[in-house]
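Observations on chain architecture
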There are 2 protein chains.
Amino acid sequence: MSGVAAVILAAGEGRRMGGPNKLLAEIDGTSMIRRVTGTALASRARPVIVVTGHRREAITAALAGLDSAEVHNPNFARGMATSLRAGIASLGADIDAALILLGDMPFMDAETIDRIIDVFETSGRTAIIAPVHEGRRGNPVLWPRRFFTALMAIEGDKGARDLIVTHATEVIEVAAGEGVSRDLDTPEAVKAAGGRLLPDAL
Amino acid sequence: MSGVAAVILAAGEGRRMGGPNKLLAEIDGTSMIRRVTGTALASRARPVIVVTGHRREAITAALAGLDSAEVHNPNFARGMATSLRAGIASLGADIDAALILLGDMPFMDAETIDRIIDVFETSGRTAIIAPVHEGRRGNPVLWPRRFFTALMAIEGDKGARDLIVTHATEVIEVAAGEGVSRDLDTPEAVKAAGGRLLPDAL
């Protein structure tokens, strides 16, 4: 029992995609959100929670048969912070840390997640753990419970970047592959990755 | 040491007032927000935290010399929930419960606050405690720490009403005077209460 939950943010409208819901775009025949959720399920993180919002039914359908839990965020249009809150608020008291994953990073692998959890557990279970690729911090970031209140206090679409900066001395960095920094947030990026925006994803 | 903090919501724009910041309106020569804060300080609740937002400097000035703490909410325009979050997020781990006060209820008295805290302490420190006047629930409501996450997950301007309804069986009601239900949120109400909207409050 790791006590580390994965929270996958999959509620956004993907505005930079110009409308279509990028999370339903397929890479090698599997939707992005299903790939990310499958990766989390292949790691030691449990539970794996997917926060839905925009196109909830389609996201739920894309996850059919997977052993993930869904938390719906009816306020998704108010910004990513509302999804982060909904996800954190859903965690039980037995959860020691939350690993925050972005639904549009389909190249993340389970080994990286497990390494992040390992470092958390062997470093005293108090540090923020962030993956780094070529000198840049990526995702997912692991947050110990003591930061849950601060994570929930974030507003708007900034994400937790400011919080990492504020607590820079409490971050342990873990070297990782490019999957931790590669997101697909434009139609061009999806295409370049061999992906396909489906007509029904419009 | 009660372990109960008072969180006074004083960040709003007071839109129903038609513009002027109602919290600076004077009743018997003292601004509403100073009255409410003084009442909280006369009770056993500690610390007394005032969440500011709209017209922060004027609110701070109105509280000059009082032993309250200020927490500023730069996101106040996004709704009352953002102020509730900022207030809860500011509480230390030693706080067992938060009493949420509204800045526009100048007729609340310290005895009622102390009675609410008494009931919390003698009832096992787990229940929500709400004052009731003439069959209607009013404010302030005391929330034990186990509800802090749920309070922080509220969005928009609804306040905690839905949360009380969801946890109806966990609420203990305390009979109280009309101060717990009398808010001054229109110019007419201020006037009827003998209050004065100052020119500099426009």
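Provided above is the structure to which this section pertains.
Bear in mind the structure is a predicted one, so any value in this text is a computation, not a measurement.

1. Section: the packing of helix H1 (residues 32-42) of chain B against helix H4 (residues 110-122) of chain B
Residue and element names in this part refer to chain B. Between H1 and H4, the shortest axis-to-axis distance is 8 Å and the interhelical angle comes to 45 degrees. Viewed along their axes, H1 and H4 adopt a mutual orientation that is oblique. As H1 runs across H4, the sense of the crossing is right-handed. Residue-level inspection shows Thr39, Ala40 and Ala42 of H1 in contact with H4, the latter providing Ala110, Ile113 and Asp114. Residue classes in the contact of H1 with H4 are distributed as 4 nonpolar, 1 polar and 1 charged.

2. A look at the interface of chain A and chain B
Each partner contributes to the interface: chain A provides 10 residues, whereas chain B provides 10 residues. Of the roughly 950 Å² buried between chain A and chain B on both sides combined, carbon and sulfur atoms contribute 62%. Broken down residue by residue, the surface that chain A buries against chain B is led by Arg78, Met152 and Glu155 of chain A, which jointly contribute 49%. On the surface where chain A and chain B come into contact, there are 2 salt bridges.

3. Looking at the relation of the copies chain A and chain B
When chain A is fitted onto chain B, the two copies agree to an RMSD of 0.0 Å after a turn of 180 degrees and an axial shift of 0.0 Å. What the rotation and shift describe, once combined, is the action of a two-fold rotation axis. Minimal C-alpha separation from the rotation axis in chain A is found for Met152 of chain A, amounting to 3.3 Å. In this assembly, 100% of the residues forming the interface of chain A have copies in chain B that are likewise at the interface, indicating an isologous arrangement.

4. Here's the deal with the pattern of salt bridges
Should the charged atoms of two oppositely charged side chains come close, the side chains can pair. In this structure the tally under the stated criterion is 26 salt bridges over all chains. Where Glu121 of chain A meets Arg44 of chain A, a salt bridge forms, and the shortest distance between an N and an O atom there is 2.8 Å. With a gap of 77 residues between them, Glu121 of chain A in helix H4 (residues 110-122) and Arg44 of chain A in the loop between helix H1 (32-41) and strand S4 (48-52) connect regions that are remote in the sequence. Residue Glu121 of chain A is classed as partly exposed on the basis of its relative accessible area of 26%. We classify Arg44 of chain A as partly exposed; its relative accessible area is 34%. Linking Asp28 of chain B and Arg35 of chain B is a salt bridge whose minimum nitrogen-to-oxygen distance equals 3.8 Å.

About the cut-offs
- Residues numbered from 1 in each chain as written.
- Chains lettered and ligands numbered in written order.
- Predicted model: local features only at pLDDT ≥ 70, side-chain atom pairs only at ≥ 80, totals over all residues.
- Heavy atoms only, no water.
- Axes fitted to C-alpha atoms, helices over the stretch in contact; angles between N-to-C directions.
- Helix = DSSP H or I, 4+ residues; strand = E, 2+ residues; numbered from the N terminus.
- Parallel < 35°, antiparallel > 145°, perpendicular 65-115°, else oblique.
- Left-handed = near helix turned anticlockwise from the far one by under 90°.
- Contact = heavy atoms within 4.5 Å.
- Nonpolar A, V, L, I, M, F, W, Y, C, P; charged D, E, K, R; others polar.
- Buried area = accessible area lost by both parts, 1.4 Å probe.
- Salt bridge = Lys/Arg side-chain N within 4 Å of Asp/Glu carboxyl O.
- Least-squares fit on C-alpha atoms with pLDDT ≥ 70 in both.
- Buried < 20%, exposed > 50% of the residue type's maximum accessible area, 1.4 Å probe, protein only.

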